[in-house]
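The residues making up each chain are set out below.
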Amino acid sequence: MLRYDGKLIARAKELRKNMTPWEIKLWTQFLREYPVRFQRQKVIGNSIVDFYCAKARLVVELDGGGHYLPQQQLVDAQRTKALEALGLRVLRFCNTDVDGSFYEVCTVIDNTVQQTLAQRK
């Protein structure tokens, strides 16, 4: 079981209620009904990740425009390293990918989950 900062639970609940349009699209049109369970706005360590699949130990992050500022890129890289240090794999997609290449985003997520589960058998 992954450790988490309990102080972030209320914020995660708030984020679940106020998801971005891209998070809503990925959740409602793909991840909510995906055969392997995903959670949204999951607290892991000192972070709240957009989507998490425990069975595949996979984090999916959707990045908006602010994530491409140099300081935020540094923060995101550190956060990714921290999650990877917990044995998690992190996939990052920009919001424009969800808009313009939705099928491809879903395919990458599905392929990653399937490969991870196959490696564990």
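Look up: the structure comes first, before these words.
Residues numbered from 1 in each chain as written. Predicted model: local features only at pLDDT ≥ 70, side-chain atom pairs only at ≥ 80, totals over all residues. Heavy atoms only, no water.

Asker: Got a sec to walk through the overall build of the protein chain? Specific residues and values, please.
Answerer: Scanning the protein chain from terminus to terminus reveals five helices and four strands. The order of α-helices and β-strands along the protein chain, N terminus first, is α-α-β-β-β-α-β-α-α. For a compact globule of 121 residues, the expected C-alpha radius of gyration is about 14 Å, and the protein chain comes in at 14 Å, within 12% of that figure. In terms of overall dimensions, the protein chain has a C-alpha envelope of 35 × 35 × 30 Å along the principal axes. The buried share of the protein chain, taken over its 121 residues, is 39%. Long-range pairs, those at least 24 residues apart, make up 62% of the contacts in the protein chain with a sequence separation of at least 6. Of the roughly 7400 Å² that the protein chain leaves accessible, carbon and sulfur atoms contribute 52%. (Helix = DSSP H or I, 4+ residues; strand = E, 2+ residues; numbered from the N terminus. Rg over C-alpha atoms; globule rule 2.2 N^0.38 Å. Buried < 20%, exposed > 50% of the residue type's maximum accessible area, 1.4 Å probe, protein only. Contact = heavy atoms within 4.5 Å. Areas by Shrake-Rupley, 256 points an atom, 1.4 Å probe, with all protein chains shown as cover.)

Asker: Describe the sheet that holds strand β2 (residues 47–53), with residues and values.
Answerer: Here four strands make up an open sheet; going across it, the order is β1-β2-β3-β4 and the pairing mixed. With one partner strand each, in any of the chains shown, β1 (39–44) and β4 (89–94) form the two edges of the open sheet. In this sheet, adjacent strand axes meet at a mean angle of 45 degrees when their direction is disregarded. Looking at chain direction, β2 and strand β3 (residues 58–63) are connected through three bridges and run antiparallel. In the strand pairing of β3, tyrosine 52 is matched with valine 59. (Pairing = 2+ DSSP bridges. Axes fitted to C-alpha atoms, helices over the stretch in contact; angles between N-to-C directions.)

Asker: An account of the pattern of salt bridges is needed here, citing residue identities and associated values.
Answerer: Summed over the entire model, instances satisfying the criterion amount to four salt bridges. The closest approach of N and O atoms between glutamate 61 and arginine 79, which form a salt bridge, is 2.5 Å. Residue glutamate 61 is found in strand β3, and its partner arginine 79 is found in helix α3 (residues 70–85); the two are separated by 18 residues along the sequence. A network of salt bridges, in which partner residues are shared, links Asp63, Asp76 and Arg92. (Salt bridge = Lys/Arg side-chain N within 4 Å of Asp/Glu carboxyl O.)

Asker: Now, about the packing of helix α2 (residues 21–29) against helix α5 (residues 102–120): what can you tell me, with residues and values included?
Answerer: One can describe the packing of α2 onto α5 by two numbers: an axis separation of 12 Å at closest approach and a directional angle of 60 degrees. Here α5 runs oblique to α2, going by the angle between their axes. Viewed along their axes, α2 and α5 form a crossing whose handedness is right-handed. On α5, the residues touching Lys25, Leu26 and Gln29 of α2 are Phe102, Val105, Cys106 and Ile109. Here the contact of α2 with α5 is built from residues that sort into five nonpolar, one polar and one charged. (Parallel < 35°, antiparallel > 145°, perpendicular 65-115°, else oblique. Left-handed = near helix turned anticlockwise from the far one by under 90°. Nonpolar A, V, L, I, M, F, W, Y, C, P; charged D, E, K, R; others polar.)

Asker: Before we move on, could you go through the environment of asparagine 18 and cite the residues and values that matter?
Answerer: Looking at the element boundaries, asparagine 18 is found in the loop between α1 (9–17) and α2. Side-chain polar atoms of asparagine 18 contact the backbone oxygen of glutamate 14, separated by 3.0 Å. (Polar contact = N/O pair within 3.5 Å; in protein donor to acceptor, adjacent residues only side chain to side chain.)

Remember, this is a structural readout, not a statement about activity or role.
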